[in-house]
Protein chains: 2
Amino acid sequence: MASPVLKTSVSLSLLQRLLSPRPLKLSTSPTLPPRRRSAPAPATAGSLTVRSEVSFATGAHLIPHPKKVGRGGEDAFFVKNSHNGGVLGVADGVSGWAERNVDPSLFSKELMAHASSLAEDEEVSNDPQILLGKAHAATSSRGSATAIIAVLEKDGTLKIANVGDCGLRVIRKGRVIFCTSPLEHYFDCPFQLSSEALTQTYSDAVVCSVRLTVGDTVVVGSDGLFDNVFDQEIVSIVSASDDVVDAAKALADLASKHSLDSGFDSPYSLEARTRGFDVPAWKKVLGGKLTGGKPDDITVIVGRVTNS
Amino acid sequence: MASPVLKTSVSLSLLQRLLSPRPLKLSTSPTLPPRRRSAPAPATAGSLTVRSEVSFATGAHLIPHPKKVGRGGEDAFFVKNSHNGGVLGVADGVSGWAERNVDPSLFSKELMAHASSLAEDEEVSNDPQILLGKAHAATSSRGSATAIIAVLEKDGTLKIANVGDCGLRVIRKGRVIFCTSPLEHYFDCPFQLSSEALTQTYSDAVVCSVRLTVGDTVVVGSDGLFDNVFDQEIVSIVSASDDVVDAAKALADLASKHSLDSGFDSPYSLEARTRGFDVPAWKKVLGGKLTGGKPDDITVIVGRVTNS
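Conventions and cut-offs
Residues numbered from 1 in each chain as written. Chains lettered and ligands numbered in written order. Predicted model: local features only at pLDDT ≥ 70, side-chain atom pairs only at ≥ 80, totals over all residues. Heavy atoms only, no water. Axes fitted to C-alpha atoms, helices over the stretch in contact; angles between N-to-C directions. Helix = DSSP H or I, 4+ residues; strand = E, 2+ residues; numbered from the N terminus. Parallel < 35°, antiparallel > 145°, perpendicular 65-115°, else oblique. Left-handed = near helix turned anticlockwise from the far one by under 90°. Contact = heavy atoms within 4.5 Å. 1 Å grid on protein atoms, 1.4 Å probe; cavity = no way out; pocket = protein on both sides within 12 Å on 5 of 7 lines; lining within 4 Å. Points joined across faces, edges and corners; volume = space filled by probe spheres on them. Nonpolar A, V, L, I, M, F, W, Y, C, P; charged D, E, K, R; others polar. Expected span 1.5 Å × (residues − 1). Polar contact = N/O pair within 3.5 Å; in protein donor to acceptor, adjacent residues only side chain to side chain. Pairing = 2+ DSSP bridges. Core = buried A, V, L, I, M, F, W, Y, C linked by side-chain atoms within 4.5 Å. Buried < 20%, exposed > 50% of the residue type's maximum accessible area, 1.4 Å probe, protein only. Salt bridge = Lys/Arg side-chain N within 4 Å of Asp/Glu carboxyl O. Phe/Tyr/Trp six-rings, centres within 6.5 Å; stacked < 30°, edge-to-face > 60°. Patch = residues over 30% accessible without salt bridge, like charges linked within 9 Å, V, L, I, M, F, W, Y side chains within 5 Å. Areas by Shrake-Rupley, 256 points an atom, 1.4 Å probe, with all protein chains shown as cover.

Q: Would you explain the packing of helix 2 (residues 104–118) of chain A against helix 4 (residues 128–138) of chain A in this entry?
A: Each packed pair of helices is defined by two parameters, the angle between the axes and the distance between the axes. Residues and elements named next belong to chain A. Axis separation between helix 2 and helix 4 bottoms out at 8 Å; the angle between their running directions is 125°. In terms of their interaxial angle, helix 2 and helix 4 are classed as oblique. Every pair of crossing elements has a handedness; the one defined by helix 2 and helix 4 is right-handed. Counted together, Phe107, Glu110, Leu111, His114, Ala115 and Leu118 of helix 2 and Leu131, Lys134, Ala135, His136 and Ala138 of helix 4 form the full contact between these two elements.

Below, the structure is given as structure tokens:
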């Protein structure tokens, strides 16, 4: 592991900081003698970090796209306190269906309604991928949607199934320790469940899990959140609020504010530039760059892990 | 889900592309009638995407820091074909120990040697966090290291325990579908296992899992890889090579090349700028910015999921 040598001219103070060897662990006196840890007992998975049964305290907030307020936007979500520690879901209707005179909100809303209902079935809700597949199969509306479902087991295991660019973050002690990766065909064309054949199905979901402990915070949202709010901002808001309802509202409000700010260098505009979209060359020469938030439906669910 | 409206002046072709509604699913004729999927059978977790027992075909490559070639660098790794589908591990010795006249490579190498040996114990290697904890407890060298261990179960579940800024990516059909998040106290000071007390332990590991299927590729590496090579580059190299040994070497070679390129705008320099490190203001006015790779030990393991 090397010193972080960067090769351009930086001020001396920055150089000193960047060129120093990587620091040792924190909070230990250099004079402390080495101490050996005792061998950890072969424990079961959940017992390492979660010593009692857990569940979610949840808050949620949805802000429709400014031009779609009339029908409540095209996002949908549910929160279910079921037999396990809780089930959360978000779906985001694909707006392109409006060109075919199909209301893009119908599919996402029906999908989440079925998922919420099916979450009461203990066998189905043990597996978020199966839950997503059964909810999809039950949905009769025309349309398509991205979707994520997360199931918290009482031992602290959070199971996730994700199709498209909804997302999930886990925040522990002021850090993002886990995040999902969006699934796209190409920039801004996510994987999606649909009423049509030859599209993605529940079997295309990324299925993963992460072991949680009491005090962890889970943030689930549509891309309207993650395209407009950086992870560090999510951490700041979540860490500053003891109340999950307040935190969800604050995150949605910040996403909404950024989404309408043409000068904000959002995660979305950063990604667009990475993919080759930018201002004309003459503007770049003058220091210009493509910026701006992305107006969208914004859904945020905040779940804090608590003792049951 | 809204049109991606960005607010600055972009060329018309870009505007047209960016302002269009989000597209529907691919590969379906607009004239196809809606078709209903049959309800998915309540299958067991593994049977959804993995229909037979799986294991890893693996390749690995390590390139020491140019100034540490003599002792082989401070990274260490192991690959074990054990009773399950395979166990992979990478550790990265913390260079700051050299200031105390301690060889930073000893701790990481002993840690991985113990982990490799313990991976033969079926009970221990079922849980990468327990495996990491037992390897740590058995290590008597002075020093500290970041470490990641990944265990592939034969049903396709990849279990991961991660302390610090080693990392893991899963690539499926040309996309990163899963990645770990680095754990740091602050920029360039990662969580680390140590010979000293009052530091992180196995219980501070992020423990997660992801369900794999035949054909998926797992890339595990030290930060020397991920600080110098973008995910899209990893995808390109992995997708272009049928041979995991060639792929691991190509990734390490690219990381090494970038690490020594003062003009390369690396993931590390991007992150440094995000954290507030940059060239002096007068250089920024002239369009300058902090760039450069990060010379480091570079370890890459590539594992492709195959039928057993």
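Structure's up, so let's keep going.
Q: Help me understand the layout of surface pockets, please; the structure alone is not making it clear to me.
A: Any space left empty among the atoms is revealed by the rolling of a water-sized probe across them. When its volume is computed, the second largest pocket comes out at roughly 550 Å³. Forming the boundary of the second largest pocket are 26 residues, of which A:Thr157, A:Ser209, B:Thr157, B:Lys159 and B:Ser209 lie nearest the centre. Listed by contribution, the elements that provide at least two residues to the lining of the second largest pocket are strand 5 (157–163) and strand 11 (206–211) of chain A together with strand 5 (157–163) and strand 11 (206–211) of chain B. Per-class residue counts for the lining of the second largest pocket are 11 nonpolar, 6 polar and 9 charged.

Q: Explanation requested: helix 7 (residues 244–259) of chain A in the structure shown.
A: Owing to its 3.6 residues per turn, the α-helix brings residues three or four apart onto one side. Residues and elements named next belong to chain A. Compared with the 22 Å implied by 1.5 Å per residue over 16 residues, the 22 Å span of helix 7 between its first and last C-alpha is a close match. Buried residues belonging to helix 7 abut strand 1 (54–63), strand 12 (217–221), helix 5 (223–226), helix 6 (231–240) and strand 13 (298–307). The N-terminus of helix 7 is capped by Asp243, whose side-chain oxygen sits 2.8 Å from the backbone nitrogen of Val245.

Q: Honestly, the sheet that holds strand 1 of chain A in this entry has me stumped. Any pointers?
A: By definition, the strands of a sheet pair up through backbone hydrogen bonds, in either a parallel or an antiparallel sense. All names here are of chain A. Overall, antiparallel pairing links the 5 strands, which are arranged 1-13-12-6-7 in an open sheet. Two strands close off the open sheet at either side, each with one partner strand: strand 1 and strand 7 (175–179). Across the sheet, the mean angle from the axis of one strand to that of its neighbour is 25°, orientation sign disregarded. In this sheet, strand 13 lies alongside strand 12 in antiparallel orientation, the contact comprising 5 bridges. The residue of strand 13 that forms the bridge with Val220 is Ile301. Taken strand by strand, helix 7 contacts strand 1, strand 12 and strand 13, and its axis lies near 35° from that of strand 1.

Q: Even after reading the chapter, I still don't get the nonpolar core, so can you show me in this structure?
A: Considering soluble globular proteins, one finds that nonpolar side chains tend to be buried as a cluster. Among the nonpolar cores identified, the biggest contains 94 residues, and A:Leu158, A:Leu168, A:Phe178, B:Leu158, B:Ile160, B:Leu168 and B:Phe178 are the most heavily contacted of them. If near-sequence neighbours (up to four positions away) are discounted, B:Ile160 is found in contact with B:Pro128, B:Ile148, B:Ile149, B:Ala150, B:Leu168, B:Phe178, B:Thr180, B:Val206, B:Val207, B:Cys208 and B:Val210.

Q: Looking at this model, I keep getting lost on the pairing of strand 3 (residues 86–93) of chain A. Mind explaining?
A: Put simply, side chains in a regular strand alternate between the two faces of the sheet. Residues and elements named next belong to chain A. Where burial is concerned, most of strand 3 is hidden: 8 out of the 8 residues are buried. Neither face of strand 3 is left uncovered, since the one carrying Gly86, Leu88, Val90 and Asp92 and the one carrying Val87, Gly89, Ala91 and Gly93 both have all their residues buried. Where strand 2 (residues 75–80) lies against strand 3, 6 bridges are found, and the strand directions are antiparallel. The residue bridging Val79 from the neighbouring strand is Leu88, located in strand 3. Between strand 2 and strand 3, which follow one another and run antiparallel, lie 5 residues. Pairing of strand 3 with strand 4 (residues 144–152), which is carried by 8 bridges, proceeds in the antiparallel orientation. Residue pairing in the sheet places Leu88 in a bridge with Ala150 of strand 4.

Q: Explanation requested: unusual backbone geometry in the structure shown.
A: Apart from glycine, the bulk of residues carry a negative phi angle, and the bulk of peptide bonds sit in the trans form. You will see that A:Asp188, though not glycine, has its phi angle at about 70°, which is positive. One can find A:Asp188 in the loop between strand 8 (184–186) and strand 9 (189–190). The class for A:Asp188 is buried, based on a relative accessible area of 7%. Despite not being glycine, B:Lys173 shows a phi value in the positive range, around 50°. Tracing the backbone shows B:Lys173 in the loop between strand 6 (167–172) and strand 7 (175–179).

Q: Got a minute to help me understand the sheet that holds strand 12 (residues 217–221) of chain B in this structure?
A: Residue and element names in this part refer to chain B. The antiparallel open sheet is built from 5 strands, whose spatial order is 1-13-12-6-7. The sheet is open, and its two borders are formed by strand 1 (54–63) and strand 7, each paired with just one other strand. The sheet shows a mean angle of 25° between the axes of neighbouring strands, taken without regard to direction. Contacting strand 6, strand 7, strand 12 and strand 13 (298–307), helix 6 (residues 231–240) runs over the sheet at an angle of about 55° to strand 6. Packed onto the sheet, helix 7 (residues 244–259) meets strand 1, strand 12 and strand 13 and runs at close to 35° relative to strand 1.

Q: Help me out: how do you make sense of the pattern of salt bridges in this one?
A: Opposite charge on two side chains permits them to pair, given that their charged atoms come into close proximity. A full pass over the atoms with the stated rule returns 40 salt bridges over all chains. Between A:Asp223 and A:Lys294 there is a salt bridge, with the nearest N and O atoms lying 3.2 Å from each other. Taken together, the positions of A:Asp223 in helix 5 and A:Lys294 in the loop between helix 9 (281–285) and strand 13 put the pair 71 residues apart, joining distant regions of the chain. On the accessibility criterion, A:Lys294 (0% relative accessible area) is buried. The residue B:Arg169 makes a salt bridge to B:Asp231 at a minimum N-O spacing of 2.8 Å.

Q: Please clarify how the packing of aromatic side chains should be interpreted in this entry.
A: By convention here, two paired aromatic rings are described through the distance between centres and the angle between planes. Evaluation of the coordinates by the stated rule reveals 7 aromatic pairs over all chains. Relative to B:Tyr268, the ring of B:Phe187 has its centre 5.4 Å away and its plane inclined at 25°; by these criteria the two rings are stacked. Note that B:Phe187 is positioned in the loop between strand 8 (184–186) and strand 9 (189–190) and B:Tyr268 in helix 8 (residues 267–274), a separation of 81 residues in sequence. In this pair, the class of B:Phe187 matches that of B:Tyr268, namely buried. Chaining the aromatic ring pairs together yields one cluster made of A:Phe187, A:Tyr268 and A:Phe277.

Q: I'm lost on the side chain of B:Glu196 in this one. Help?
A: Turning to its location among the elements, B:Glu196 is positioned in the loop between strand 10 (193–194) and strand 11. Of note is the side chain of B:Glu196, whose polar atom sits 3.4 Å from the side chain of B:Arg142.

Q: Is there a simple way to think about a nonpolar patch on the surface in this case?
A: All names here are of chain A. Together, Trp282, Val285 and Leu286 line one region of the surface with nonpolar side chains, adding up to about 420 Å² of accessible area. Inspection of the secondary structure assignment puts Trp282 in helix 9. Here Trp282 falls in the exposed class, since its relative accessible area comes to 56%.

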